[in-house]
Amino acid sequence: MDVKTIMVVGAGQMGSGIAQVCAVAGYQVFLYDISEAQLDKGIANIEKGLARQVEKGKMTAVDKDAALARLARSTDLHAAAEADLVIEAVVENMDVKTKLFAELDALARPETILASNTSSLPITEIAAATKRPEKVIGMHFMNPVPVMKLVEIIRGLATADDVYETIEAVARKLGKVPVEVNDFPGFISNRVLMPMINEAIYALYEGVATKEAIDEVMKLGMNHPMGPLTLADFIGLDTCLYIMETLHEGFGDDKYRPCPLLRKYVKAGWLGRKTGRGFYTYE
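Everything numeric here is computed off the predicted structure, so don't read it as measured data. (Residues numbered from 1 in each chain as written. Predicted model: local features only at pLDDT ≥ 70, side-chain atom pairs only at ≥ 80, totals over all residues. Heavy atoms only, no water.)

**Observations concerning the overall build of the chain**
Thought 1: A count of helical and extended segments in the chain gives eleven helices and eight strands.
Thought 2: A compact globule built from 283 residues would reach a C-alpha radius of gyration of about 19 Å, and the chain, at 19 Å, matches this within 12%.
Thought 3: Considering only C-alpha atoms, the chain reaches an extent of 55 × 45 × 30 Å along its principal axes.
Thought 4: Within the chain, the fraction of its 283 residues that count as buried is 49%.
Thought 5: Of the roughly 13,400 Å² that the chain leaves accessible, carbon and sulfur atoms contribute 54%.
Thought 6: For the chain, the separation between the mean place of its 31 positive charges and that of its 38 negative charges on side chains is 4 Å. (Helix = DSSP H or I, 4+ residues; strand = E, 2+ residues; numbered from the N terminus. Rg over C-alpha atoms; globule rule 2.2 N^0.38 Å. Buried < 20%, exposed > 50% of the residue type's maximum accessible area, 1.4 Å probe, protein only. Areas by Shrake-Rupley, 256 points an atom, 1.4 Å probe, with all protein chains shown as cover. Lys, Arg positive; Asp, Glu negative; His and termini not counted. Charge placed at Lys NZ, Arg CZ, Asp CG, Glu CD.)

Here's what the structure looks like:
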């Protein structure tokens, strides 16, 4: 299938980043959100990101303007009828996603591919909410989307080979490196990353070391670009908790049990950078 028009559902940090790279790659893009305020914020983030690329000499002002011209905003989900590919980037909640995919299934053309940017939830279960499970696939981008090269492409139980091939080609056109992953909780990225973050939180909880010491050990000893507690704040502690709960439920193994300190911080509303406080305090 030849993809020319992409609809991105959700104008948050991930959705706006996905919309940006799609527009830069030459696709016509609809960026959808139920909130005009969130759309304003998402578009502003895209404009800021593109302006930064121009300042760094990685893009011309003409190319920036052309990318923005390919980007349309929408608060009407019916725009899905014009898309060849819909990429969902809403909250990491199965009920929300399955309800959305059922709506998209009714609105999109029969040949349209429906992709989820879920970081941990089963693609097979999301696909079951539609009448086109063979055209549903996972397309998990990394944050921040314009910078990070990886896209995990997750096949559901029914995902057709030609759908996988189309999404792999789209990822490459976006300048990303696609990696095929089967449909298991957390896929690869979060199945490996989140238990490491959770163990770092346990080390803090048990008083093994300070948060600064834990992060320094992983940065200087393991050559990680940022420490696990700093990274957790960047991802969002609520997202970390949700993924750990998904892993714990999906595998039924206590090694995935979320640390009580993580639960306490989330209940306190200390979610990391986005709320100004997590393991660290942010201005």
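Once the structure has been displayed, the description carries forward.
**Thoughts on the packing of aromatic side chains**
Thought 1: For the structure on display, the rule yields four aromatic pairs.
Thought 2: Ring geometry for Tyr 265 and Phe 279: centres 5.0 Å apart, planes at 35 degrees, overall tilted. Of the two residues, Tyr 265 is situated in helix α11 (residues 260-268) and Phe 279 in the segment after α11; the sequence distance between them amounts to 14 residues.
Thought 3: By relative accessible area, Tyr 265 is classed as buried at 16%.
Thought 4: Geometry around Tyr 27 places Lys 173 over its ring, the cationic atom sitting 4.4 Å from the centre. (Phe/Tyr/Trp six-rings, centres within 6.5 Å; stacked < 30°, edge-to-face > 60°. Lys NZ or Arg CZ within 6 Å of the ring centre and 35° of its normal.)

**Some points on the domain arrangement of the chain**
Thought 1: Its domain assignment divides the chain into domain 1 (3-180) and domain 2 (189-272).
Thought 2: For domain 1 and domain 2, the distance between their C-alpha centroids amounts to 27 Å.
Thought 3: Residue-level contacts link eleven residues of domain 1 with six residues of domain 2.
Thought 4: Summing both sides of the interface, domain 1 and domain 2 together bury roughly 670 Å²; the carbon and sulfur share of this comes to 53%.
Thought 5: It is Glu 92, Ser 119 and Ser 120 that lose the most area in domain 1 upon contact with domain 2, and together they represent 45% of the buried surface on that side.
Thought 6: Applying the counting rule to domain 1 against domain 2 returns zero salt bridges.
Thought 7: On inspection of domain 1 and its partner domain 2, the count reaches two residue pairs in polar contact (both at pLDDT 80 or more).
Thought 8: Of the residues belonging to the side of domain 1 that touches domain 2, the class tally is four nonpolar, five polar and two charged. (Domains from an automatic or database assignment. Contact = heavy atoms within 4.5 Å. Buried area = accessible area lost by both parts, 1.4 Å probe. Salt bridge = Lys/Arg side-chain N within 4 Å of Asp/Glu carboxyl O. Polar contact = N/O pair within 3.5 Å; in protein donor to acceptor, adjacent residues only side chain to side chain. Nonpolar A, V, L, I, M, F, W, Y, C, P; charged D, E, K, R; others polar.)

**Topic: the nonpolar core**
Thought 1: The biggest cluster of nonpolar side chains holds 38 residues, and the ones touching the most others in it are Ile 6, Leu 31, Leu 85, Met 139 and Phe 141.
Thought 2: Ranked by the residues each element gives to this core, the list is headed by helix α1 (residues 13-24), at six residues.
Thought 3: Counting residues in each nonpolar core, the second largest holds 24 residues, with Ala 203, Cys 240, Leu 241 and Cys 259 among its members. (Core = buried A, V, L, I, M, F, W, Y, C linked by side-chain atoms within 4.5 Å.)

**Section: the UniProt feature "site: Important for catalytic activity" (unreviewed entry) in the chain**
Thought 1: Per the UniProt annotation, the sites labelled "site: Important for catalytic activity" (unreviewed entry) are His 140.
Thought 2: The residue His 140 is located in strand β6 (residues 136-141) in this model.
Thought 3: By relative accessible area, His 140 is classed as buried at 6%.
Thought 4: Looking at His 140, its side chain comes within polar contact range of the side chain of Glu 152, at 2.8 Å. (UniProt positions renumbered as here; feature names shortened; annotations may be inferred.)

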